[in-house]
Amino acid sequence: MNALSKPQAGFDPYAAREQFPILKRDVNGKPLIYLDSAASAQKPEAVIEAVADVWRGSYANVHRGLHTLANEATAAFENARATIGRFIGAERSEEIVLTKGATDAINLVASSIGQTLEEGDEVILSQMEHHSNIVPWHFLRERKGVVIKWAPVTEDGRIDLEAYEALFSVRTRFVSLVHMSNVLGTLNPATRLAEIAHAHGVPIMFDGTQSAVHSHIDVAELGCDFFAFTGHKLYGPNGVGVLYAAGDWLNRLAPYQGGGEMIAEVSEDGVVYADAPHKFEAGTPAIAEVIGLGAAIEWLTAQDRVAIHAHELSLLDRMMAGLDEFDDVRVLGTAQEKGGIVSFVMENAHAHDLAQLMDKYGVAVRAGHHCAHPLMKRYGVTATVRASIALYNTAEDVDAFLEALKKARSFLI
Amino acid sequence: MTQLESDIDALVDEFDLMDDWEQRYRYLIEMGQALAPLGETEYCDANKVKGCVSQVWLVLDDQDGRLIVRGDSDAHIVKGLVALMERLYSGRSPQDALSIDPKAVLGRIGLAEHLSPQRSNGLASMVQRIRAEAQAAA
């Protein structure tokens, strides 16, 4: 955000909707009700234009260019990095690595940290992790004999803090936890989780894929060593994500992928790596997309995020109250600290049937395991329906969702 | 008109009685509900259809040179599609089975959307499996 623009007080979701061209289209002859933003959010004109402007007006490969376009693109690219850093409260732009997405960011950390781990070393995850924060650690289990320890999830969908703390041992080397669950919507007590890890001398990473969208992030307040998130759920483009690494972590870690952009010097006998963060950015980055993410963040932070949060929570309450009217619906994730993600199962109705039928009424929800098999097992289900709320949703959307669910139910029960 | 052609016409006629998609879906789901369950041991991995987001089992047998199709699913709509496949393919000779154009039939009964490769309901995999079985027997 530039120094002149101040957030507008209050938030009007109807005005905000107008900025999202896709929300004007129909689906199956019905107005689109998009409640799948936790999978990917729609994009405002500001982002669409920012990306198009790069391609139309100032596109070239970034860094080391000696011509005007290359310099313009580099300046816009690095400006986006600075915007992203400010957005999460990073001290310096050098703490921000631009990745392909959150998955890429987590793989980077697991791979680089993994090089320092030995057989029998332990990593702590939770039962509510997305597969993107599970499989990279399974790689280390398979390849190096690293042991994964699982923090259990309570019935209402929180990480059991006592059980989490009890997992630490002298062999614990790393903790990686989701900040806001993509299934339950629970916002985990990050500051406390980090304090516990640090009390045991263990670094911690948060997967902030959902929390970066729905809550104010200040990495200093969270006290984490690493924070990963993605652009496309934050109203930005696909193919760009962010890894924040506190202090000199990036200087201490070995590089992840090798290639151009990440080196200072290459000879037949060896390599001198570039300084962080470039050391971790091999190959041509997603130039327009990074600049687009910067634009998405500027667009978002120019608004009253406190009011947006209140708006999303009011829709969450409306949705939870509406689902409560269904005797055969069970919502997974009922913790107090919860954002606009609602997963549920209906007795005798398969989640896929419900989602398919609701789509016929124009309502887009997701059904499946949501890349969280261990969590599905924890709750004894194979699939849930998930409705997720974004700033452009309205009370009418929630009502249409409930109405469509009622109709879908009538086919099955 | 061959037996196969008149069977397909009869199926199309049944769906033609439906006014809108809601009735067609209800009818499809009813067809699924009328399916006889498989034997307990038939709910095995070998019979599971891949490429489907819900669970689908398909059992293919050969009875006196005729293809026998049975199956089940834990999801209602997919179970209806299994019933549709049973209706379409079961009791056919391998040659007849191979001559069926499932896409055309689904189009005629207003359910073409289910056979697009983007749909992860496994119907395309089901058809593939049935056709492979028929091919082997032909």
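Residues numbered from 1 in each chain as written. Chains lettered and ligands numbered in written order. Predicted model: local features only at pLDDT ≥ 70, side-chain atom pairs only at ≥ 80, totals over all residues. Heavy atoms only, no water.

- By the naming in an unreviewed UniProt entry, chain B goes by SufE family protein and is assigned to Marinicauda pacifica.
- The annotation that UniProt attaches to chain B under Sequence similarities (unreviewed entry) is "Belongs to the SufE family." (UniProt positions renumbered as here; feature names shortened; annotations may be inferred.)

- Labelled according to an unreviewed UniProt entry, chain A appears under the name Cysteine desulfurase, originating from Marinicauda pacifica.
- The heading Cofactor (unreviewed entry) in the UniProt record of chain A holds the text "pyridoxal 5'-phosphate".

1. Some points on the overall build of chain B
Next up, step 1: When you go through chain B residue by residue, the secondary structure sums to six helices and two strands.
Next up, step 2: Counted from the first residue to the last, chain B has its helices and strands arranged as α-α-β-β-α-α-α-α.
Next up, step 3: Here the C-alpha atoms of chain B give a radius of gyration of 14 Å, agreeing with the 14 Å that 2.2 N^0.38 yields for 138 residues.
Next up, step 4: With the C-alpha coordinates aligned to their principal axes, the bounding extent of chain B is approximately 40 × 35 × 30 Å. (Helix = DSSP H or I, 4+ residues; strand = E, 2+ residues; numbered from the N terminus. Rg over C-alpha atoms; globule rule 2.2 N^0.38 Å.)

2. Some words on the packing of helix 2 (residues 45-57) of chain A against helix 11 (residues 287-301) of chain A
Residues and elements named next belong to chain A.
Next up, step 1: Two elements in contact, helix 2 and helix 11, have axes whose closest approach is 8 Å; the angle formed by their N-to-C orientations is 150°. Classified by chirality, the crossing of helix 11 by helix 2 is right-handed. Every residue of helix 11 that contacts helix 2 at A46, V47, A50, V51, V54 and W55 is listed here: A288, E289, I291, G292, A295, A296 and W299.
Next up, step 2: Classifying every residue of the contact of helix 2 with helix 11 gives eleven nonpolar, one polar and one charged. (Axes fitted to C-alpha atoms, helices over the stretch in contact; angles between N-to-C directions. Left-handed = near helix turned anticlockwise from the far one by under 90°. Contact = heavy atoms within 4.5 Å. Nonpolar A, V, L, I, M, F, W, Y, C, P; charged D, E, K, R; others polar.)

3. With respect to the interface of chain A and chain B
A common measure of how large an interface is: the accessible area buried when the components associate.
Next up, step 1: Between chain A and chain B, the contact holds twelve residues from the first and 15 residues from the second.
Next up, step 2: Between B:E113 and A:K360 there is a salt bridge, and its shortest N-O distance comes to 3.1 Å.
Next up, step 3: Where chain A meets chain B, there are six residue pairs in polar contact (both at pLDDT 80 or more).
Next up, step 4: Of all the elements in the fold, those that place two or more residues in the side of chain A that touches chain B are helix 13 (351-360) and helix 15 (395-412) of chain A.
Next up, step 5: Looking at the side of chain A that touches chain B, the element that brings in the most residues is helix 13 of chain A, giving six residues. (Salt bridge = Lys/Arg side-chain N within 4 Å of Asp/Glu carboxyl O. Polar contact = N/O pair within 3.5 Å; in protein donor to acceptor, adjacent residues only side chain to side chain.)

4. Some words on the nonpolar core
Side chains of a nonpolar character, in soluble globular proteins, are inclined to be buried together.
Next up, step 1: By size, the foremost hydrophobic cluster in this structure holds 101 residues, and its most contacted members are A:W137, A:Y164, A:I204, A:Y235 and A:L391.
Next up, step 2: When residues in this core are grouped by element, the largest group, eight residues, is from helix 11 of chain A.
Next up, step 3: Both of domain 1 (13-31 + 304-412) and domain 2 (49-301) of chain A provide at least three residues apiece to this core.
Next up, step 4: In this view, A:I204 contacts A:Y164, A:F174, A:V175, A:L177, A:L193, A:A194, A:A197, A:H198, A:G223, A:C224, A:D225 and A:F226; residues no more than four positions away in its chain are not counted.
Next up, step 5: Formed by 72 residues, the second largest nonpolar core is a distinct cluster that contains A:L35, A:A349, B:V12 and B:V78. (Core = buried A, V, L, I, M, F, W, Y, C linked by side-chain atoms within 4.5 Å. Buried < 20%, exposed > 50% of the residue type's maximum accessible area, 1.4 Å probe, protein only. Domains from an automatic or database assignment.)

5. Examining the domain arrangement of chain A
All names here are of chain A.
Next up, step 1: As assigned here, chain A comprises domain 1 (13-31 + 304-412) and domain 2 (49-301).
Next up, step 2: Taken over C-alpha atoms, the centre of domain 1 sits 28 Å from the centre of domain 2.
Next up, step 3: In this assembly, 32 residues from domain 1 lie in contact with 30 residues from domain 2.
Next up, step 4: Note on domain 1 versus domain 2: buried area summed over both sides is about 2600 Å², and carbon and sulfur give 54% of it.
Next up, step 5: There are one salt bridge connecting domain 1 and domain 2.
Next up, step 6: Between E155 and R378 there is a salt bridge, and its shortest N-O distance comes to 3.1 Å.
Next up, step 7: Contributing elements (two or more residues each) for the side of domain 1 that touches domain 2: helix 12 (305-324), strand 13 (329-332), strand 14 (341-346) and helix 14 (373-379).
Next up, step 8: Sort the elements by how many residues they give to the side of domain 1 that touches domain 2 and helix 14 lands first, with six residues. (Buried area = accessible area lost by both parts, 1.4 Å probe.)

6. Concerning the UniProt feature "domain: Aminotransferase class V" (unreviewed entry) in chain A
Next up, step 1: The sites that UniProt annotates as "domain: Aminotransferase class V" (unreviewed entry) are residues 33-401 of chain A.
Next up, step 2: The span residues 33-401 of chain A is 39% helix and 17% strand, and its two end C-alpha atoms sit 8 Å from each other.

7. Focus on unusual backbone geometry
Residue and element names in this part refer to chain A.
Next up, step 1: Omega for the bond connecting A276 with P277 falls within 30 degrees of zero, at 0°, which places this linkage in the cis form.
Next up, step 2: On the secondary structure map, P277 appears in the loop between strand 12 (271-273) and helix 11.
Next up, step 3: You will see that H63, though not glycine, has its phi angle at about 70°, which is positive.
Next up, step 4: By the element assignment, H63 lies in the loop between helix 2 and helix 3 (68-87).
Next up, step 5: The phi torsion at N348 lies on the positive side, around 60°, for a residue other than glycine.
Next up, step 6: Among the structural elements, N348 can be located in the loop between strand 14 and helix 13.
Next up, step 7: Given a relative accessible area of 63%, N348 falls into the exposed group.

8. Considerations on the pattern of salt bridges
Residue and element names in this part refer to chain A.
Next up, step 1: Across all of its chains, the model carries 24 salt bridges over all chains by this definition.
Next up, step 2: One salt bridge connects D248 with R252, and the closest N-O pair in it is separated by 3.5 Å.
Next up, step 3: In this structure D248 comes out as partly exposed when scored by relative accessible area, which is 41%.
Next up, step 4: When its relative accessible area of 52% is taken as the criterion, R252 is described as exposed.
Next up, step 5: One network of salt bridges, in which partners are shared, links D36, R366 and R386.

9. A look at the side chain of A:K43
Residue and element names in this part refer to chain A.
Next up, step 1: Looking at the element boundaries, K43 is found in the loop between strand 3 (33-34) and helix 2.
Next up, step 2: It turns out K43 is buried and unbridged, and the closest side chain with the opposite charge, E289, is 11 Å from it.
Next up, step 3: Looking at K43, its side chain comes within polar contact range of the main-chain oxygen of G236, at 2.7 Å.
Next up, step 4: Each residue touching K43, except ones within four places of it in the same chain, is listed here: Q19, F20, P21, I48, H232, Y235 and G236. (Lys, Arg positive; Asp, Glu negative; His and termini not counted.)

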